[in-house]
Amino acid sequence: MAKTYKIAVMPGDGTGPEVVAEGVKVLDAAAAKFGFNLEYTHFDYGGDRYLRTGEVLPENAAEELSKNDAIFLGAIGHPEVKPGILEKGILLHLRFALDQYINLRPVILYPNVDTPLKDKGPEDIDFVVVRENTEGLYAGAGGVLKKGTPDEVAVQESINTRKGVERCVRFAFEYARKRNKRKKVTLCGKTNVLTFAFDLWERTFYEVAREYPDIETDYAHVDATCMWMVKNPEWFDVIVTDNMFGDIITDLGAMIQGGMGIAAGGNINPEGVSMFEPIGGSAPKYTGKNVINPLAAIGAAQMMLDHLGETEAAAAVEQAIRYVVAEKLESLSAGKMGYGTDEVGDLVAGAV
Ligand code: IPM
Ligand code: MN
């Protein structure tokens, strides 16, 4: 009997619904072709719902979402909602509540895509960032004293636990083995300044590395990592890092792979329910215009299929994305693709 996967679909805000629709189109094409079923449940969590109800998320949101095999998310962020409310209340809340302790962000330059890096091509830009996703500066530790006075004190602490660091580092080594490319894991840290947190990371990294003699290890400070990502991206295979550094370097990664239009990621709980999303925002200025690039969302759908174990279907979606990028699109930028958002979805679905 054909397998059925339950997918929670959370289109969210701005261009989220437009790109999610194209992702679903491609998922359906892959399901039909490879003989499995997808059962979708829609969730309206996002800015509009918040403005309508005054509630960021219902109490049982994480529980409801976790009844599914995976979550497909569009974008969170609404121009009429103060920055931080939805991001913290929905996106970060779900990452934490569902213990999605890995944020997996591939940085791959597809053939025929423009990169701002001179003389670098697809053979040079092909790595993955494994970002810790539940700790660090994102944990919310700290506080404020005497707010609004000249004596105001603001403290924001980075939380790093042995357990949290170890499971992240281990995931990175496993991933490098599975990826089977350069077979190298680079720890990105700041051991020269953050001598408590990154000492824990460094010790854990080299301890875990002993279990993976087939994988080469490397270390780079985060500032140097930014430099090498621009100058010698071919040095990287898998980069493992903390939440904040991972957030920053993956925006740089998105730019060198052709922009937010193509950058996808997965919030992964290997033992639980994972959530896949395009890493760009809700792009309010492009909303409803059928100009946004859906490939990042389609790439997120591809990662979801891979995660669910539908590896052949995932590979077919990736091939289809590569084909559409190389043979059809004029650009990956919103409004410059030479096609509408829905047509890009049709092209990829057709190629699958
Ligand atoms: C990302 C985003 C989020 C983050 C924001 C929206 C909270 O920038 O997914 O990278 O910082 O993790
Ligand atoms: Mn970010």
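Residues numbered from 1 in each chain as written. Chains lettered and ligands numbered in written order. Predicted model: local features only at pLDDT ≥ 70, side-chain atom pairs only at ≥ 80, totals over all residues. Heavy atoms only, no water.

Trainee: Would you mind going over the overall build of the chain with me for this structure?
Mentor: What the chain contains, in helices and strands, is 11 helices and 12 strands. For 352 residues, the compact-globule formula gives about 20 Å, and the C-alpha radius of gyration of the chain, at 20 Å, lands near that figure. In terms of overall dimensions, the chain has C-alpha extents of about 55 × 50 × 45 Å along its principal axes. When each of the 352 residues of the chain is scored for burial, the buried share is 53%. Contacts in the chain between residues at least 24 apart in sequence constitute 76% of all its contacts with a sequence separation of at least 6. As displayed, the chain offers around 15,400 Å² of accessible surface, 51% of which is attributable to carbon and sulfur atoms. Each charge class in the chain can be summarised by its mean position, and for the 36 positive and 51 negative side chains these summaries are 2 Å apart. (Helix = DSSP H or I, 4+ residues; strand = E, 2+ residues; numbered from the N terminus. Rg over C-alpha atoms; globule rule 2.2 N^0.38 Å. Buried < 20%, exposed > 50% of the residue type's maximum accessible area, 1.4 Å probe, protein only. Contact = heavy atoms within 4.5 Å. Areas by Shrake-Rupley, 256 points an atom, 1.4 Å probe, with all protein chains shown as cover. Lys, Arg positive; Asp, Glu negative; His and termini not counted. Charge placed at Lys NZ, Arg CZ, Asp CG, Glu CD.)

Trainee: Help me understand the environment of Asn 232 in this model?
Mentor: Counting through the fold element by element, Asn 232 comes out in the loop between α7 (222-231) and β10 (238-241). Each C-alpha atom of the pair Asn 232 and Lys 120 lies 8.7 Å from the other, and the pair is 112 residues apart in sequence.

Trainee: Explain the sheet that holds strand β4 (residues 102-108) here, please?
Mentor: Whether parallel or antiparallel, the strands of a sheet pair through hydrogen bonds between backbone atoms. Here we have 10 strands laid out as an open sheet, ordered β2-β1-β3-β12-β11-β4-β5-β10-β8-β9, and mixed in their pairing. Strands at the two margins of the open sheet, each flanked by one partner only, are β2 (37-42) and β9 (216-221). This sheet shows a mean twist of 25 degrees between the axes of neighbouring strands, independent of strand direction. Of the pairings in the sheet, the one linking β4 to strand β5 (residues 126-132) comprises seven bridges and is antiparallel in character. Within β5, the position partnered with Ile 102 by the bridge is Glu 132. Contacts between helix α1 (residues 16-34) and the sheet are confined to β1 (4-12), β2, β3 (70-75) and β12 (274-278), with β3 contributing the most and set at about 145 degrees to the helix. Of the strands in this sheet, β5, β8 (184-189), β9 and β10 touch helix α6 (residues 197-209), which is tilted by about 170 degrees from β8. (Pairing = 2+ DSSP bridges. Axes fitted to C-alpha atoms, helices over the stretch in contact; angles between N-to-C directions.)

Trainee: I would appreciate a short explanation of the nonpolar core in the present structure.
Mentor: Considering soluble globular proteins, one finds that nonpolar side chains tend to be buried as a cluster. Judged by nonpolar contacts, the single largest core of 87 residues is most densely connected at Phe 72 and Leu 295. Looking at which element gives the most residues to this core, the answer is helix α9 (residues 295-308), with nine residues. Split by domain, the residues of this core number at least three in each of domain 1 (1-113 + 260-352) and domain 2 (115-257). In contact with Leu 295, not counting residues within four places along its chain, are Gly 261, Ile 262, Ile 321, Val 325, Leu 329, Leu 332, Val 344 and Val 348. (Core = buried A, V, L, I, M, F, W, Y, C linked by side-chain atoms within 4.5 Å. Domains from an automatic or database assignment.)

Trainee: Explanation requested: the packing of aromatic side chains in the structure shown.
Mentor: Each aromatic ring pair is summarised here by two numbers: the centre-to-centre distance and the angle between the ring planes. For the structure on display, the rule yields 10 aromatic pairs. On the numbers, 5.8 Å between centres and 80 degrees between planes, the contact of Tyr 5 with Phe 36 is edge-to-face. Linking Tyr 5 in strand β1 with Phe 36 in the loop between α1 and β2, this pair joins segments that are 31 residues apart in sequence. The two residues Tyr 5 and Phe 36 agree in class, both being buried. (Phe/Tyr/Trp six-rings, centres within 6.5 Å; stacked < 30°, edge-to-face > 60°.)

Trainee: Can you walk me through the site of ligand 1 in this structure?
Mentor: Around ligand 1, the neighbouring residues are Glu 87, Leu 91, Arg 95, Arg 105, Arg 131, Tyr 138 and Asp 247. Here an oxygen atom of ligand 1 and a side-chain polar atom of Tyr 138 are 2.6 Å apart. Protein contact buries 75% of the 320 Å² of open area that ligand 1 shows by itself. It is helix α4 (residues 85-97) that contributes the most residues to the shell around ligand 1, three residues altogether. (Near = heavy atom within 4 Å. Polar contact = N/O pair within 3.5 Å; in protein donor to acceptor, adjacent residues only side chain to side chain.)

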